[in-house]
Amino acid sequence: MSKPRVKLSGADYGLLLRLEWDSPLPQLLVELEEYLQQSPKFFAGAQVLLEIGSRPVLQQEQEQLAVVLSRYGVTLQGVVPMLDGLERRPPPAAHAAFTPAPPDPQTLLHLEQRTVRSGEKVAAEGHVIIVGDVNPGAEVIAGSNIFVWGALRGSAYAGVPDHEEAIIAALHFAPIQLRIAGHIARPPEARPTASGTPELARIDQNAIVVEAWERGRGGFYKRG
Amino acid sequence: MAGRVITVTSGKGGVGKTTFSANVSAALAGLGKRAVAVDTDVGLRNLDIVMGLENRIVYDLVDVVEGRCRLQKALIRDKRIATLHMLPAAQTRDKSAVSPDAMGKICAELRSQFDFTIIDSPAGIESGFQNAIAGADEVVIVTTPHVSAIRDADRVIGLLEAAEKQQISLVINRLQVEMVRRGDMLDIPDILDILAIELLGIIPEDESIVVSSNRGELAALQEDSLAGQAYKNIARRLLGEDVPLMPVEEEKGLFKWLARLFKGE
């Protein structure tokens, strides 16, 4: 038999699972299973880090490996990059080292084209755009802005957790409750229905204000 | 042949699912179609009472699921119309006695025997609801013109969409024409605006329904019942006929307007 394609080795920061990524995954899975079978008791309860490097590893492949590992009581803790030569000392935090820098929420966009109904929740880190209605009992949550190209009749939480510049805009503005960053507002009890024109909510002097959308004021919610 | 399996559901209880299931099944049977009404409210069965068939039950849905009898044996033929049948729920068990898989199989079997299988679902969105929709080709949502009923209907529509049910239509039950006219009740455009699904029919409030349900008489089989007429219209619409909304009320104005709305004018 040739060089083993699967190997578990100790590193400073834990148990490292090393695979010969040039081999096809099914083969790797079989060999991993055989490897673990040799001393199942030894591995039970262990946590391993998967070393990746020679090629990108798909989420799906990771999940399949995790399934095999879990059969022997082994948890797949995360992934680490392949380190060259004998230098096996990882950067201080193995996980953090390989996590890509968090993307700027301002550049992320989540789009839904449907009616968001009671009991449903749409949540995303960046902006959320709903093309359709948000019905009473539905929740839309965004790290940045919320735009509803339709009727907003449910609850909208923008700027979660503390992005005070976030806005909430809708063509038909009749929310049950609004939150922007840490501020909460509900429409006045007396207000029967939406005004009929597009409106938007933003924070002004520590409170949420709702005002009609006016043409030519596109940049107005940018502070300065 | 392959019939249609239509589940009747609402989320909220007490909006008239069972009365609707019984009457629409009867109306379809009255139009010469082979129809079966199935009660999936295991532990709280009512459909048999509304249909007046309570004293004929020997075997039930759970007996079929658990293999104590064949489906054929549990089906009860109606005492009035030969093409109308009912499959009762078990009263002494609970929802866990049935599974979506088992319901799917029963629906498949019924589909091969009946033109219409009408499945009456329990209130709620838990396992009983999941069982009831498992084998459905189409779903009818029953609501009343009340904010809470509409909110629950909306929730259920969301769940149905998530379960990839394509054919979802709406029935507005117990509409009080006079109250709508006075502006004291949610009106139909508001309801349709929120729920945004196809309107299958509107059933006016009709006190005689209470009486007929209690007696196990079906309004849809009576000549002079206002609600019964609405059920018959819905049955005809299910058969693809273009039936305007309650022509009997047209002179009152509201229904003329409703009829226009329904035709999409």
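Conventions and cut-offs
- Chains are numbered independently. Their residues run from 1 in the order of the written sequence.
- Chains carry letters and ligands carry numbers; both start at the beginning, A for chains and 1 for ligands, and go up in the order they are written.
- The predicted origin of the model limits local features to residues at a pLDDT of at least 70 and limits the giving and counting of side-chain atom pairs to 80 or more, whereas totals for whole chains, interfaces and linings rest on all residues.
- Going along the chain from the N terminus, every DSSP run of H or I of four or more residues is numbered as a helix, and every run of E of two or more is numbered as a strand.
- Think of it as a crowd count around each C-beta: if 20 or more other C-beta atoms lie within 10 Å the residue is buried, if 12 or fewer it is exposed, and in between it is partly exposed, with C-beta placed from the backbone throughout.
- Residue pairs qualify as contacts under a 7 Å threshold applied to their C-beta atoms, which are placed from the backbone.
- In this treatment the radius of gyration is a C-alpha quantity, and the globule benchmark scales as 2.2 Å times the residue count to the 0.38 power.
- Only strands joined by at least two bridges in the DSSP assignment are considered to pair.
- Angles here are taken between N-to-C directions and fall from 0 to 180 degrees, while the axes themselves are lines fitted to C-alpha atoms, restricted in helices to the stretch in contact.
- Think of it as three bins: nonpolar holds Ala, Val, Leu, Ile, Met, Phe, Trp, Tyr, Cys and Pro, charged holds Asp, Glu, Lys and Arg, and polar takes everything else, Gly as well.
- Helix crossings fall into two classes, left-handed where the near helix is turned counterclockwise from the far one by less than a right angle and right-handed where it is turned clockwise.
- We call a set of buried Ala, Val, Leu, Ile, Met, Phe, Trp, Tyr and Cys residues a nonpolar core when their C-beta atoms link them within 7 Å.
- The scheme is simple: roughly parallel for angles under 35 degrees, roughly antiparallel for over 145, roughly perpendicular for 65 to 115, oblique for anything else.
- Known as pLDDT, the predictor's confidence for each residue is given on a scale from 0 to 100.

Caption draft 1: Highlighting the overall build of chain A. Across its full length, chain A carries four helices and 15 strands. A burial count over chain A gives 28% of its 224 residues as buried. Residue pairs at least 24 apart in sequence account for 31% of intrachain contacts in chain A once pairs closer than 6 positions are excluded.

Caption draft 2: Here's a closer look at the overall build of chain B. When helices and strands are tallied, chain B shows twelve helices and eight strands. For 265 residues, the compact-globule formula gives about 18 Å, and the C-alpha radius of gyration of chain B, at 17 Å, lands near that figure. By principal-axis analysis of the C-alpha atoms, chain B measures approximately 55 × 40 × 35 Å. Per-residue burial for chain B yields a buried fraction of 51% across its 265 residues. Considering only intrachain contacts with a sequence separation of at least 6, the fraction spanning at least 24 residues in chain B is 75%.

Caption draft 3: Structural detail: the environment of Asp-120 of chain B. Residue and element names in this part refer to chain B. Along the polypeptide, Asp-120 turns up in strand S5 (residues 116-120). Look at Asp-120 and you get buried, because 28 C-beta atoms sit within 10 Å. Every residue in contact with Asp-120, bar those within four places of it in the chain, is listed here: Val-8, Lys-17, Thr-18, Ser-21, Ala-37, Val-38, Asp-39, Thr-40, Asp-41 and Leu-47.

Caption draft 4: Broad picture of the sheet that holds strand S11 (residues 168-173) of chain A. Residue and element names in this part refer to chain A. Strand order in this open sheet of six strands is S5-S7-S9-S11-S14-S15, and the pairing throughout is mixed. This sheet does not close on itself; its edge strands, each paired only once, are strand S5 (109-112) and strand S15 (207-212). Neighbour-to-neighbour, the strand axes of the sheet open up by a mean angle of 20 degrees, direction not taken into account. With four bridges joining them, S5 and strand S7 (residues 127-131) adopt parallel strand pairing. Counted as the bridge partner of Leu-109 is His-127 from S7.

Caption draft 5: Region of the structure containing the interface of chain B and chain A. Contact residues are listed per partner, giving seven residues for chain B and nine residues for chain A. The greatest single-element share of the side of chain B that touches chain A, amounting to five residues, is contributed by helix H7 (residues 147-162) of chain B. By residue class, the composition of the side of chain B that touches chain A is three nonpolar, one polar and three charged.

Caption draft 6: Quick look at the sheet that holds strand S4 (residues 75-81) of chain A. Residues and elements named next belong to chain A. Taken together, four strands build an open sheet; the order of strands is S1-S2-S3-S4 and the sheet is mixed. Edge positions in the sheet fall to strand S1 (6-11) and S4, since each has one partner strand and no second. Here the average twist between neighbouring strands, direction ignored, is 35 degrees. In this sheet, S4 lies alongside strand S3 (residues 47-52) in parallel orientation, the contact comprising six bridges. Bridging from a neighbouring strand, Gln-47 pairs with Thr-75 of S4.

Caption draft 7: Summary view of the packing of helix H1 (residues 17-30) of chain B against helix H11 (residues 226-238) of chain B. Residues and elements named next belong to chain B. Running from amino to carboxyl end, H1 crosses H11 at an angle of 65 degrees, the nearest separation of the two axes being 8 Å. Seen from above, H1 lies across H11 with right-handed handedness. Contact residues: Asn-23, Val-24, Ala-27 and Leu-28 in H1; Gly-228, Tyr-231, Lys-232, Ile-234, Ala-235 and Leu-238 in H11. Among the residues making up the contact of H1 with H11, the classes are represented as seven nonpolar, two polar and one charged.

Caption draft 8: Quick look at the nonpolar core. Ranked by size, the top nonpolar core spans 81 residues in total, and within it Leu-61, Ile-118, Ile-141, Val-171 and Tyr-231 of chain B carry the most contacts. Leave out the neighbours within four places in its chain, and Val-171 of chain B touches Phe-20, Val-140, Ile-141, Val-142, Leu-200, Gly-201, Ile-203 and Ile-234 of chain B. Core analysis: the next-biggest nonpolar cluster, separate from the first, contains 28 residues, Val-128, Val-140, Val-148 and Leu-178 of chain A among them.

Caption draft 9: Representation of unusual backbone geometry within the structure. Along the chain, Val-160 of chain A connects to Pro-161 of chain A via a cis peptide bond; the corresponding omega equals 0 degrees. Mapped onto the fold, Pro-161 of chain A is located in the loop between strand S10 (155-158) and S11. Phi is positive for Gln-205 of chain A, close to 50 degrees, though the residue is something other than glycine. Structurally, the position occupied by Gln-205 of chain A is in the loop between strand S14 (199-204) and S15. Residue classification places Gln-205 of chain A among the exposed residues on the basis of 5 C-beta atoms within 10 Å. Even without being glycine, Ala-196 of chain B reaches a positive phi, approximately 50 degrees. Assignment of secondary structure puts Ala-196 of chain B in the loop between helix H9 (188-195) and strand S8 (198-204).

Caption draft 10: Up close: the packing of helix H1 (residues 25-38) of chain A against helix H3 (residues 59-71) of chain A. All names here are of chain A. One way to put it is that H1 packs onto H3 with a least axis distance of 10 Å and a crossing angle of 20 degrees. With respect to H3, the axis of H1 lies roughly parallel. Here H1 runs over H3; the crossing is right-handed. Side by side, H1 and H3 meet where Leu-25, Leu-29, Leu-32 and Glu-33 of the first sit next to Glu-61, Gln-64, Leu-65 and Val-68 of the second. Per-class residue counts for the contact of H1 with H3 are five nonpolar, one polar and two charged.

Caption draft 11: Region of interest: the pairing of S14 of chain A. Residue and element names in this part refer to chain A. Along S14, five of the six residues are buried, which leaves the element largely enclosed by surrounding structure. Judged from the three bridges that link them, S11 and S14 form a sheet pairing that is antiparallel. Across the sheet, the residue bridging to Ala-170 is Glu-199, located in S14. Across six bridges, S14 lies against S15 in antiparallel orientation. Looking at S15, one finds that Glu-199 is bridged to Ala-212. Hairpin geometry of S14 and S15 is characterised by an intervening segment of two residues between the two adjacent antiparallel strands and by a positive phi of about 50 degrees at Gln-205.

Caption draft 12: Spotlight on the confidence of the model for chain A. With 81% of its residues at a pLDDT of 70 or more, chain A has an overall mean of 81. Throughout residues 85-92 of chain A the model reports pLDDT below 50, and contacts reaching past four residues in sequence, or to other chains, amount to eleven contacts.

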